[in-house]
Amino acid sequence: ITNRNVDFKISLKEAFFITVISWILITILCAVPFLYTETDLGIVDALFESMSGVTTTGATILTNLDILPKGILIWRAFLQWLGGIGIVVIALFILPFLRIGGMQLFHLEGDDPYDKSLPKISSVIKKIFLIYLSLTVILIFLYYVFGMTLFDSIAHSFSTISTGGFSTHDSSLAFFNNDIILIIA
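The notes below deal with the structure included here. (Residues numbered from 1 in each chain as written. Predicted model: local features only at pLDDT ≥ 70, side-chain atom pairs only at ≥ 80, totals over all residues. Heavy atoms only, no water.)

## A closer look at a nonpolar patch on the surface
We count it as follows: Residues with no salt bridge and a relative accessible area higher than 30% make up the patches, which join like charges within 9 Å and nonpolar side chains (Val, Leu, Ile, Met, Phe, Trp, Tyr) within 5 Å. Exposure was quantified through the Shrake-Rupley algorithm and a 1.4 Å probe, taking into account, for residues, occlusion by the shown protein chains and nothing else. Just to be clear on terms, a salt bridge is a Lys or Arg side-chain nitrogen sitting within 4 Å of an Asp or Glu carboxyl oxygen. Counting from the N terminus, the helices are DSSP H or I runs at least four residues long and the strands are E runs at least two residues long. Exposed residues in this analysis have more than 50% of their type's maximum accessible area, buried residues have under 20%, and partly exposed residues fall in between, with area computed by a 1.4 Å probe over protein chains only.
Residues Ile10, Phe17, Ile18, Val20, Ile21, Ile24, Leu25 and Ile28 make up a contiguous nonpolar surface patch of about 720 Å² in total accessible area. Note on placement: Ile28 falls in helix α1 (residues 12-35). Judged by relative accessible area, Ile28 falls into the partly exposed class, the value being 46%.

## Some words on helix α2 (residues 43-54)
Using the following cut-off: One less than the number of residues in a helix, times 1.5 Å, gives the span that helix is expected to have.
Along its 12 residues, α2 runs 16 Å from first to last C-alpha, staying within 8% of the 16 Å computed at 1.5 Å per residue. In the segment just after α2, Thr56 is the residue with positive phi, at about 55°.

## Considerations on the environment of Ile128
Structurally, the position occupied by Ile128 is in helix α4 (residues 118-145). Between the C-alpha atom of Ile128 and that of Val89, which follows or precedes it by 39 residues, the distance is 8.9 Å.

## Comments concerning the nonpolar core
Put simply, the rule is: By nonpolar core we mean a set of buried residues, namely Ala, Val, Leu, Ile, Met, Phe, Trp, Tyr and Cys, connected to one another through side-chain atoms within 4.5 Å. Whether two residues are in contact is decided by their heavy atoms, any of which lying within 4.5 Å being enough.
Counting residues in hydrophobic clusters, the biggest one holds 15 residues, and the most contacted among them are Phe34, Leu68 and Leu73. Elements represented by at least two residues in this core include exactly α1, α2 and α3 (70-97). Those residues within four positions of Phe34 in sequence are excluded, and the remaining contacts are Thr39, Leu41, Ala46, Glu49, Ser50, Ile72, Trp75, Arg76 and Leu79. Formed by 13 residues, the second largest nonpolar core is a distinct cluster that contains Ala155, Phe158, Ile161 and Phe176.

## Points about unusual backbone geometry
Even without glycine at this site, Asp40 takes up a positive phi of about 55°. Structurally, Asp40 can be placed in the loop between α1 and α2. The class of Asp40 is exposed, set by a relative accessible area of 73%. The phi dihedral of Thr163 is positive, around 60°, even though this residue is not glycine. Mapped onto the fold, Thr163 is located in the loop between α5 (150-161) and α6 (179-184).

See the structure below:
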């Protein structure tokens, strides 16, 4: 028997703890492909690369990107893409519960800004995800039309939309020697 009238409250300490533990667990999980590929990364380097992708910081320890397997290059870019939308979700969904910010988006005149309306928040997150996905598809198309291979256009659109900056080439966007690609980015 379940009770749907349970008032679920998380303290500020618990929320911070859950958020930190979640990021650490996601980083550990996402580091596994770096350990089992031709990158020759140790555990610490794989965790660093994973954390850099998930947090969209763009720092990397990998060199010779041009000869790395495409699977690991797309994985790096995908981590940044997920991290980019993840940061938006945290800003819109988790931080308001901590009363840190973002709740003004859901505040209507005359209501309690901290009275959570989960369906409203989830519908906003769905719309933001659709916009994020649409912009990613537009970037893939534009990069492809203006000279990138399909693989490069997908990888670079993932890292461009998240503002992380991982590339599939050591010289990054300069590899393409194309001003239009720079303008698109």
